[in-house]
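Fold and contact review
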Amino acid sequence: MADTLQTRVCGIHIRFDGATPLRHRAPHAKSAAVETETMDGMERDEIAVIGGGPAGLAAAEVLSAAGWPVAVYEAMPTVARKFLLAGKSGLNITHSEPFSRFAERFGTASARLRPPLEAFTPDDVRHWAAGLGIETFVGTSGRVFPTAMKASPLLRAWLRRLEAQGAKVHTRHRWVGFDGDAVVFETPQGRKSLSCRAVLLALGGASWPRLGSDAAWVEHLRERGVPVRPFRPANCGFDLAWSDGFVERFAGQPLKGVTATSDAGTFPGEFVVSRHGIEGSLVYAHAAALRDRIEAEGTATLVLDLAPGREATRIARDLARQGTKESFANRLRKGAGLAGVKAGLLRELVPDASRSAPDALTRTIKALPLPLLRPRPIAEAISSAGGIDWVGVDDGLMIKAMPGVFAAGEMLDWEAPTGGYLLTACLATGRAAARGIMQRLKDTR
Ligand SMILES: Cc1cc2nc3c(=O)[nH]c(=O)nc-3n(C[C@H](O)[C@H](O)[C@H](O)COP(=O)(O)OP(=O)(O)OC[C@H]3O[C@@H](n4cnc5c(N)ncnc54)[C@H](O)[C@@H]3O)c2cc1C
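Just so it is clear, the model here is predicted, and its values are computed rather than measured.

Cut-offs used in this document
Residues numbered from 1 in each chain as written. Predicted model: local features only at pLDDT ≥ 70, side-chain atom pairs only at ≥ 80, totals over all residues. Helix = DSSP H or I, 4+ residues; strand = E, 2+ residues; numbered from the N terminus. Buried ≥ 20, exposed ≤ 12 C-beta atoms within 10 Å, placed from the backbone. Contact = placed C-beta atoms within 7 Å. pLDDT = per-residue confidence, 0-100. Near = placed C-beta within 6 Å. Nonpolar A, V, L, I, M, F, W, Y, C, P; charged D, E, K, R; others polar. Arc of directions from axis to C-beta. Pairing = 2+ DSSP bridges. Axes fitted to C-alpha atoms, helices over the stretch in contact; angles between N-to-C directions. Right-handed = clockwise from strand over helix to strand, strands pointing away. Parallel < 35°, antiparallel > 145°, perpendicular 65-115°, else oblique. Left-handed = near helix turned anticlockwise from the far one by under 90°.

With that settled, the discussion passes to the overall build of the protein chain. Per the secondary structure count, the protein chain includes 15 helices and 24 strands. Considering the protein chain as a whole, with its 445 residues, one finds that 47% of them fall into the buried category. Taking as baseline every contact in the protein chain between residues at least 6 positions apart, the subset at least 24 positions apart corresponds to 70%.

Right under this line is the structure:
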C-alpha cells in the first residue's frame, strides 16, 4: 500500500525501510529496520494479513519464511474456526485424483486458479502437512485426510511454525475498512489504524458467519470500486415440502447406496433426510447445478435411483412375482429390496405408488423425482459461491482498484464441490497472494 518511505499513522511517524526481507539483514539491523514504535501496544508491521483462516495463515507462512515482517489480524478471539469445524468431519484436506482432473473442479474459475494450484498441488498439500508432523491417508473415495481425522493438531503445529518464523497473530482485531491508505481495526482497546507496505485480505466467504467470515467486507470493497459478485450458497442442502409424518419418522436418517441425477450428471453416494429437506455429500455434489436451475426456473428436481445395483427388468419381474395379498411394504422389500427410509421416501413422494403396476413402479424406483423448493440459507452452507470478481484482481491476486491490497481464499469468486478442493484452493491462493505481495514489494522498491 504505502510505497513511500515515511508515513504517519495515528499521529505516529513511522519509517519504512525499503523492501528488504528481515531475514536478509544483519541481526542487529532488525530493531532499526522495524521501528519499535507502537500504536497502543500494536507494533507497526510491514505486511498485514487480515483474516486468520487457512488462506491468511498460508500467506503469512510464505511471507514469514521469506523473512518479511508479517502480522495476522483476526476478528475472532481465536484463528481458523471454520478450519477447526472442518476437522469435525475428518478434515478432507485435498484429493488424490490426477491433477488435470483436480484443476478442472473449479468451474469457470478453473483457468484463474490453475497457476496457484500448479504452484501448490494436492501432493504439495500432503508434503506440507507431513512437514508439520501430520501424516495423511487417501480414503476409498480418493479424498485425503489427516490420519488423526481432525484439524487441531495440524493447526497447533502450523501456528508454532508461524511463531518460530516471526509472524505475529493479533486476535480480536476486526478490520472495518480503510482510512485513506491505512487499514482500520476495531479492538477491545478501541479503534486503531495502521499503514503498511502491503495488505492481504483473506476474510473468507459468506457461509457459517458465526465462525467469523460474515462477508461484512463486501461493502468496504464495493465502495472502492472493487467488483464483487453476490454470494450464494454452495455445497448446501435444499428444502422440500415434507409431510409432518415423514419428518417425524425419517428426519436424520441416511439414504445409502443411491445414485442421483441433475444437470451436474449422475453420481452414486448417500445423503441425509433433514427436517427441512435433504443434505449431505451426494446433495452437495449436485448443489451448484440445482441452485443455478432454481435461480433460472424457480424449481429444480433431483432424480434418484433407489436401487442402482438392480436392473430395471429384474425389479419389474420380482415385483410382478409378489402376491396381490402382500402388503405394499412387503412387495417393496421382497421385490425391490427397498425398506425403511427408501420405502418411506417413495411413499412420501408418490402417495399412490402402491396402486402402480410393476413396470410403472419400477420406473418410479429407478427415477424418483425429488422436487426441490430452494437451497438452505447460506449461513448453513459448507461454502459460498461469489466474491471478488476475477476481472478485479491481477495474476498476483492484487486487487486492481486498490494497488497494494491483495485477496485470497474464499473471498475470491470460485466454488468447488466438497472433496478437499476448498481447502487446497484456499491454501494455494493464500500462498500465491504472498508471492504476489513479495513481487510487488521488489518491483516498487
Ligand atoms: C462445516 C464445514 C466443513 C468443511 N469441511 C471442509 C473439508 O473437509 N474440506 C475442505 O476442503 N473444506 C471444508 N470446508 C470449507 C473450508 O473450511 C473453507 O473453504 C475455508 O476455511 C475457507 O478459508 P478462508 O481462509 O478463505 O476463509 P475462512 O476460513 O472463513 O477464514 C476467514 C477468517 O477471516 C476472519 N475475518 C472475517 N472478517 C474479518 C474482519 N472484518 N476482520 C478480521 N478478521 C476477519 C474470520 O473470522 C476468519 O477467521 C468446510 C466448511 C464448513 C463450514
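Turning our eyes to something else, we now look at the confidence of the model for the protein chain. Overall, the predicted model of the protein chain reaches an average pLDDT of 90, with 90% of residues at or above 70. Across residues 1-43, where pLDDT falls below 50, the model places 74 contacts with residues more than four positions away in sequence or in other chains.

The next point concerns the site of the ligand. As a structural note, the neighbourhood of the ligand is formed by 39 residues, with Gly-51, Gly-53, Gly-204, Gly-212 and Gly-409 the closest of them. Listing elements by their share of the shell around the ligand, those giving two or more residues are α2 (54-65), α3 (81-88), β11 (174-179) and α15 (421-443). Here the element with the most residues in the shell around the ligand is α3; it accounts for five residues. Of the residues contributing to the shell around the ligand, the split by class is 21 nonpolar, 13 polar and five charged.

With that settled, the discussion passes to α3. Residue pairs three or four apart in sequence face the same way in an α-helix, which turns once every 3.6 residues. Lys-82, Phe-83, Ala-86 and Gly-87 are the residues of α3 that are buried. Buried residues in α3, looked at end-on, bunch into an arc of 155 degrees, giving them a common side. Next to the buried residues of α3 lie α2, α7 (152-164) and α15. A positive backbone phi angle near 105 degrees is found at Gly-90, which sits one or two residues after α3.

What follows deals with the sheet that holds strand β24 (residues 405-407). Overall, parallel pairing links the five strands, which are arranged β10-β6-β5-β14-β24 in an open sheet. Two strands lie at the open edges of the sheet, namely β10 (168-170) and β24, each paired on one side alone. Each adjacent strand pair in this sheet contributes to an overall mean axis angle of 20 degrees, direction not counted. Relative to β10, strand β6 (residues 70-73) runs parallel, the two sharing three bridges. Within β10, the residue paired with Ala-71 across the bridge is Lys-168. Against the sheet, α2 contacts β5 (47-50), β6 and β14 (198-201), and its axis sits at roughly 170 degrees relative to β6.

Each regular strand shows side chains that alternate between the opposite faces of the sheet. Burial along β6 is two-sided: Val-70 and Val-72 facing one way and Ala-71 and Tyr-73 facing the other are all buried. Assessed by its sense of winding, the connection that carries the chain from β5 through α2 to β6 is right-handed.

This next bit is on the packing of helix α11 (residues 312-321) against helix α14 (residues 358-366). Orientation of α11 relative to α14, taken along the N-to-C sense of each, is 135 degrees, at an axis distance of 9 Å. Relative to α14, the element α11 lies oblique. In this structure, the crossing between α11 and α14 has a hand that is right-handed. Of the residues in α14, those touching α11 at Ala-312, Ile-315, Ala-316, Leu-319 and Ala-320 are Pro-358, Asp-359, Leu-361, Thr-362, Ile-365 and Lys-366. Residue composition of the contact of α11 with α14, grouped by class: eight nonpolar, one polar and two charged.

Turning our attention to the packing of helix α5 (residues 110-119) against α15. Packed helix pairs are characterised by how far apart their axes lie and by the angle those axes make with each other. Where α5 meets α15, the closest approach of the two axes is 8 Å, and the angle between their N-to-C directions is 85 degrees. It follows from the interaxial angle that α5 and α15 lie roughly perpendicular. Between α5, through Leu-113, Pro-115, Pro-116, Leu-117 and Ala-119, and α15, the contact on the second element is made entirely by Ala-425, Ala-428, Thr-429, Arg-431 and Ala-432. Partitioning the contact of α5 with α15 into residue classes produces eight nonpolar, one polar and one charged.

Here we take up helix α13 (residues 340-349). Of all the positions in α13, only Val-341, Lys-342, Ala-343, Leu-345, Leu-346 and Glu-348 are classed as buried. Elements in contact with the buried residues of α13: α9 (244-250), β17 (254-262), β18 (265-273), α12 (328-336), α14 and β21 (368-372).

The three strands lie next to each other as β11-β12-β13, forming an open sheet whose pairing is antiparallel. Sheet topology places β11 and β13 (190-194) at the edges, where each strand pairs with a single neighbour. The mean angle between the axes of side-by-side strands here comes to 30 degrees, regardless of whether they run parallel or antiparallel. As judged from the five bridges shared by β11 and strand β12 (residues 182-187), these two strands associate in the antiparallel manner. For Phe-178, the partnering residue across the bridge sits in β12 and is Val-183.

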